[in-house]
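Here are the chains, one letter per residue:
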Amino acid sequence: MSKRRRAAEPETAQVLDLSHDGRGILKPDGKTVFLPDALPGETVTFQRRRRKRSYDEAVLISVDEPSPMRVAPACPHFGLCGGCSLQHLGAADQLAAKQRHVAEALQRFGA
């Protein structure tokens, strides 16, 4: 007998933050969801694809309300190769996010 799971229904939520690898972080029901190509402050529609004990991974269906930080990616291959995961985020905002992640890591490790 097959244990086939039913596909998750699309959900809508607001992106709260960026992970260290550039994925949007949502917590629509209290559980962390990682969503590529989403930026903080955006309202997005997404679908959960992988469920883990402490977090889920999802795919972006649509950006319903874009962030003012969103820009048009310069690379024509953005979203296809995975080599430029933050090109939809302006350069100054990329720098600020990376600085924040380094500062949080240093604080966590007591440096």
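As a starting point, this report considers the structure included with it. Just so it is clear, the model here is predicted, and its values are computed rather than measured. (Residues numbered from 1 in each chain as written. Predicted model: local features only at pLDDT ≥ 70, side-chain atom pairs only at ≥ 80, totals over all residues. Heavy atoms only, no water.)

Before going further, it helps to examine the nonpolar core. Grouped together as the largest cluster of nonpolar side chains are nine residues: Ala13, Val15, Leu26, Val33, Leu35, Ala38, Val44, Phe46 and Ala58. Of all the secondary structure elements, the ones that give two or more residues to this core are β4 (32-35) and β5 (43-51). Residues contacting Ala13, with those up to four places away along its chain left out, are Leu26, Pro28, Glu42, Thr43, Val44 and Phe46. Residues Leu18, Leu86, Leu89 and Ala97 belong to the second largest nonpolar core, which totals five residues. (Core = buried A, V, L, I, M, F, W, Y, C linked by side-chain atoms within 4.5 Å. Buried < 20%, exposed > 50% of the residue type's maximum accessible area, 1.4 Å probe, protein only. Helix = DSSP H or I, 4+ residues; strand = E, 2+ residues; numbered from the N terminus. Contact = heavy atoms within 4.5 Å.)

With that out of the way, let us pick up the pattern of salt bridges. Across all of its chains, the model carries 11 salt bridges by this definition. Linking Lys31 and Asp56 is a salt bridge whose minimum nitrogen-to-oxygen distance equals 2.8 Å. In this pair, Lys31 is assigned in the loop between β3 (24-26) and β4 and Asp56 in strand β6 (residues 55-65), connecting sequence segments 25 residues apart. Residue Lys31 is classed as partly exposed on the basis of its relative accessible area, which comes to 23%. Overall, Asp56 belongs to the buried group, its relative accessible area being 0%. (Salt bridge = Lys/Arg side-chain N within 4 Å of Asp/Glu carboxyl O.)

For helix α1 (residues 91-108), built from 18 residues, the straight-helix expectation of 26 Å at 1.5 Å per residue is met to within 8% by its first-to-last C-alpha distance of 26 Å. Of the positions making up α1, those classed as buried are Gln94, Ala97 and His101. The buried residues of α1 all sit within an arc of 65 degrees when viewed along its axis, so they share a single face. Turned more than 90 degrees away from the buried face of α1, the exposed residues are Ala91, Ala92, Leu95 and Gln107. Elements that come into contact with the buried residues of α1 comprise β2 (17-18). Count one or two residues on from α1 and you reach Gly110, which has phi positive near 75 degrees. (Expected span 1.5 Å × (residues − 1). Arc of directions from axis to C-beta.)

Next up on the list: the pairing of β4. Consecutive side chains of a regular strand alternate in pointing toward one face of the sheet and then the other. Burial along β4 is two-sided: Thr32 and Phe34 and Val33 and Leu35, pointing in opposite directions, are all buried. Sheet analysis places β3 next to β4, joined by three bridges and oriented antiparallel. Directly across from Gly24, in β4, lies its bridge partner Leu35. Here β3 hands over to β4 after five residues, with Gly30 in that stretch at a positive phi of 95 degrees. By the bridge criterion, three bridges tie β4 to β6 in an arrangement that is parallel. Across the sheet, residue Phe34 finds its bridge partner in β6, namely Glu57. (Pairing = 2+ DSSP bridges.)

Our focus in this paragraph is the pairing of β6. Relative to β6, β5 is paired through eight bridges, and the arrangement is antiparallel. Bridge assignment links Gln47 to a residue of β6, and that residue is Val59. Hairpin connection of β5 to β6: three residues between the antiparallel strands.

Looking now at the environment of Leu86. In this fold, Leu86 is placed in the loop between β6 and α1. Considered as a pair, Leu86 and Arg100 are 14 residues apart in the sequence and their alpha carbons are 15 Å apart.

These results come straight from atomic positions and should not be treated as a statement about function.
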